[in-house]
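In case you want the letters, here they are:
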Number of protein chains: 2
Amino acid sequence: MSKSQINQIHNNIDRVIHEPVRLAILKILTSAKEVDFNFLLTTLGVTKGNLATHIKSLETADFIEVKKEFRGKIPHTSYRITRTGRRRFQKYWENLKALAPE
Amino acid sequence: MSKSQINQIHNNIDRVIHEPVRLAILKILTSAKEVDFNFLLTTLGVTKGNLATHIKSLETADFIEVKKEFRGKIPHTSYRITRTGRRRFQKYWENLKALAPE
DNA sequence: AAAAACCAGTTTTTGATACAAACCAATTAT
DNA sequence: ATAATTGGTTTGTATCAAAAACTGGTTTTT
């Protein structure tokens, strides 16, 4: 691998995806077609504030879409990965593999 | 994949390795048996201060070892990956793969 | 010989952000 | 009534990646 190739790769890692909690969220959303806030909360074992922040950054970057509805009288929020999100998640891994050990 | 499995994984990502510049450094050091500061500097395209900081964190965590010598009158610093560093780099990737897309 | 420029890094500062704590508004249980 | 739960948001803090500034020399220029 040449110098310029390595340079390209570490600069092309998408920081929005790269954060472990967001990686885990995207992983979950590639398997399940839709999950809600509480599922993510208990699955990931993070605090609510932390989760909300990660979700917002994924939403802002258009990786996920947010659906808000009422179930009876209780608000309920669920998430799906977007088509572009899925594509960029795949692409992220292709890039990342170039940094795997020999 | 179960909830607890996903939780384990995103918590077990080694943050020292996970940073892209350090990933790239470790990748380089798994291929070349020894490289110097300037090689890393030009290869990675980062600033000196930034590189020094990343190197220190890798050294502190015992991933790499640092050799300082004089070449003529000019100081020269080079780096190798340690045995434990190589092992932990491998392990990191095994863990990480669990978060790859389906 | 003095100054300027360069080399090989280290130390310090700054800006961004991951994370947690506290809060809020509504609902449901005791 | 009030305590606990749900489903979050807002605010504060602590970490750390990145850049800038600095150090202690060496080499080159004038």
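Reading the values: rules and limits
- Residues numbered from 1 in each chain as written.
- Chains lettered and ligands numbered in written order.
- Predicted model: local features only at pLDDT ≥ 70, side-chain atom pairs only at ≥ 80, totals over all residues.
- Heavy atoms only, no water.
- Phe/Tyr/Trp six-rings, centres within 6.5 Å; stacked < 30°, edge-to-face > 60°.
- Buried < 20%, exposed > 50% of the residue type's maximum accessible area, 1.4 Å probe, protein only.
- Contact = heavy atoms within 4.5 Å.
- Buried area = accessible area lost by both parts, 1.4 Å probe.
- Salt bridge = Lys/Arg side-chain N within 4 Å of Asp/Glu carboxyl O.
- Polar contact = N/O pair within 3.5 Å; in protein donor to acceptor, adjacent residues only side chain to side chain.
- Near = heavy atom within 4 Å.
- Pairing = 2+ DSSP bridges.
- Helix = DSSP H or I, 4+ residues; strand = E, 2+ residues; numbered from the N terminus.
- Axes fitted to C-alpha atoms, helices over the stretch in contact; angles between N-to-C directions.

Caption draft 1: Expanded view of the packing of aromatic side chains. All names here are of chain A. What the rule picks out here adds up to two aromatic pairs over all chains. Ring centres of tyrosine 92 and tryptophan 93 lie 5.7 Å apart, and the angle between their planes is 85°; on these two criteria the pair is classed as edge-to-face. The same class applies to tyrosine 92 as to tryptophan 93, namely buried.

Caption draft 2: Up close: the interface of chain B and chain A. Counting from both sides, the interface comprises 32 residues of chain B and, opposite them, 34 residues of chain A. The contact between chain B and chain A buries some 3000 Å² in all, and 66% of this surface belongs to carbon and sulfur atoms. Where chain B packs against chain A, one counts four salt bridges. Note that glutamate 19 of chain A and arginine 15 of chain B form a salt bridge whose closest N and O atoms lie 3.1 Å from each other. Applying the counting criterion to the chain B and chain A interface returns eleven residue pairs in polar contact (both at pLDDT 80 or more).

Caption draft 3: Structural view of the protein's contact with DNA strand C. Near DNA strand C lie 20 residues; those nearest to it are Arg22 of chain A together with Arg15, Asn38, Lys48 and Thr77 of chain B. Protein-adjacent atoms of DNA strand C, using a 4 Å cutoff, are sugar or phosphate at a proportion of 70%. Between DNA strand C and histidine 54 of chain A, the relevant distance is 3.0 Å, taken from a phosphate oxygen to a side-chain nitrogen or oxygen of the residue. Contact distances for DNA strand C include 3.2 Å between a base oxygen and a side-chain N or O atom of lysine 48 of chain B.

Caption draft 4: Representation of the sheet that holds strand β3 (residues 74-81) of chain B. All names here are of chain B. As summarised here, the arrangement of the three strands in space is β1-β3-β2, forming an open sheet in which the pairing is antiparallel. Strands with a single pairing partner mark the edges of an open sheet, and in this sheet they are β1 (35-36) and β2 (64-71). Bridge count for β1 against β3 is two bridges, and the pairing is antiparallel. Residue pairing across strands places valine 35 opposite tyrosine 79, the latter belonging to β3. Its contacts with the sheet place helix α3 (residues 20-31) against β1, β2 and β3, and it is angled at close to 85° to β3.

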